[in-house]
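So the chains spell out like this:
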Amino acid sequence: GAGVSQTPSNKVTEKGKYVELRCDPISGHTALYWYRQSLGQGPEFLIYFQGTGAADDSGLPNDRFFAVRPEGSVSTLKIQRTERGDSAVYLCASSPGLAGGYEQYFGPGTRLTVT
Amino acid sequence: AQKVTQAQTEISVVEKEDVTLDCVYETRDTTYYLFWYKQPPSGELVFLIRRNSFDEQNEISGRYSWNFQKSTSSFNFTITASQVVDSAVYFCALRGNNNDMRFGAGTRLTVKP
């Protein structure tokens, strides 16, 4: 079946602009996660959803970052007033549920470059 | 606080050598899960194994094996008879009661022919 997809695969934007990154999880997966991966580092947790609600957004670095999942499927990560430090690969993952034992299935990521 | 340490930044071996990737974790949770993921050059993270904190039985899957020791808070990963296709970055991760996943910084494995 189809895996997690993310669009766009690459995004270049100017400092100060607004960007949206989209994630389509595996059909039927109720839990959805966003991570940020900087060069040479492991993925860093940002936020996760169970259904439509953000269950934990403690990883969002500041209030310029926001994510939604209005219908419990597709999710959008929104970054306002982008800064050069936001440049990274943004990864989305989904899992069948929130229970700790479920593995997360990752998408290919969106590489964001802020110039 | 939860933390995962992968002390080996890079490892280089010659094909057919065995190699062990180390992972040490910290958590105060009594129930937690440990994971290993592979990130090949294509970039997509691939799930390899999950272990819960109550199951210390070692596991073998083909050329891969995992050694989980709660006494030393370690969850090491061994590849036997390595192959060039094993070249990738490998991440160890920990998930506790709060459900978010904490990843280590990764170990870049290069297998030379």
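Scroll up to find the structure.
Here's a quick rundown of the structure.

The rules behind the values
Residues numbered from 1 in each chain as written. Chains lettered and ligands numbered in written order. Predicted model: local features only at pLDDT ≥ 70, side-chain atom pairs only at ≥ 80, totals over all residues. Heavy atoms only, no water. Helix = DSSP H or I, 4+ residues; strand = E, 2+ residues; numbered from the N terminus. Rg over C-alpha atoms; globule rule 2.2 N^0.38 Å. Buried < 20%, exposed > 50% of the residue type's maximum accessible area, 1.4 Å probe, protein only. Areas by Shrake-Rupley, 256 points an atom, 1.4 Å probe, with all protein chains shown as cover. Contact = heavy atoms within 4.5 Å. Buried area = accessible area lost by both parts, 1.4 Å probe. Salt bridge = Lys/Arg side-chain N within 4 Å of Asp/Glu carboxyl O. Polar contact = N/O pair within 3.5 Å; in protein donor to acceptor, adjacent residues only side chain to side chain. Phe/Tyr/Trp six-rings, centres within 6.5 Å; stacked < 30°, edge-to-face > 60°.

Moving on: the overall build of chain B. Looking only at helices and strands, chain B features zero helices and twelve strands. Compactness check: chain B gives a C-alpha radius of gyration of 14 Å against a globular reference of 13 Å for 113 residues, within 12% of the reference. Summarising its shape, the C-alpha atoms of chain B cover approximately 45 × 25 × 20 Å along the three principal directions. Across the 113 residues that make up chain B, the buried fraction comes to 45%. Carbon and sulfur atoms make up 47% of the accessible area of chain B, which totals about 5,600 Å².

For the rest of this paragraph, the subject is unusual backbone geometry. A cis amide bond, omega -10°, links Thr7(A) with the succeeding residue Pro8(A). Notably, Arg81(A) is not glycine yet its phi reads approximately 45°, a positive angle. In this structure, Arg81(A) sits in the loop between strand S8 (75-79) and strand S9 (88-95). Owing to a relative accessible area of 46%, Arg81(A) belongs among the partly exposed residues under this scheme. Even without being a glycine, Ala81(B) presents a positive backbone phi close to 50°. In this fold, Ala81(B) is placed in the loop between strand S9 (74-79) and strand S10 (88-95).

Let's shift gears to the interface of chain A and chain B. Tallying the contact residues gives 21 residues for chain A and 17 residues for chain B. Counting each side, the surface lost to burial between chain A and chain B is near 1,600 Å², with a carbon and sulfur contribution of 50%. In this assembly, chain A and chain B are joined by one salt bridge. Salt-bridge contacts for Arg50(B) lead to Glu103(A); the nearest nitrogen and oxygen are separated by 2.3 Å. At the surface where chain A touches chain B, the tally comes to five residue pairs in polar contact (both at pLDDT 80 or more).

Attention now goes to the packing of aromatic side chains. For the structure on display, the rule yields 21 aromatic pairs over all chains. With a centroid separation of 6.4 Å and an interplanar angle of 25°, the aromatic rings of Tyr33(A) and Tyr35(A) are classed as stacked. Of the two residues examined, Tyr33(A) and Tyr35(A), each falls in the buried class. An aromatic cluster is defined as three or more aromatic residues linked by ring pairs; in this entry it consists of Tyr33(A), Tyr35(A), Phe45(A), Tyr48(A), Phe106(A), Phe35(B), Tyr37(B), Phe47(B), Phe91(B) and Phe103(B).

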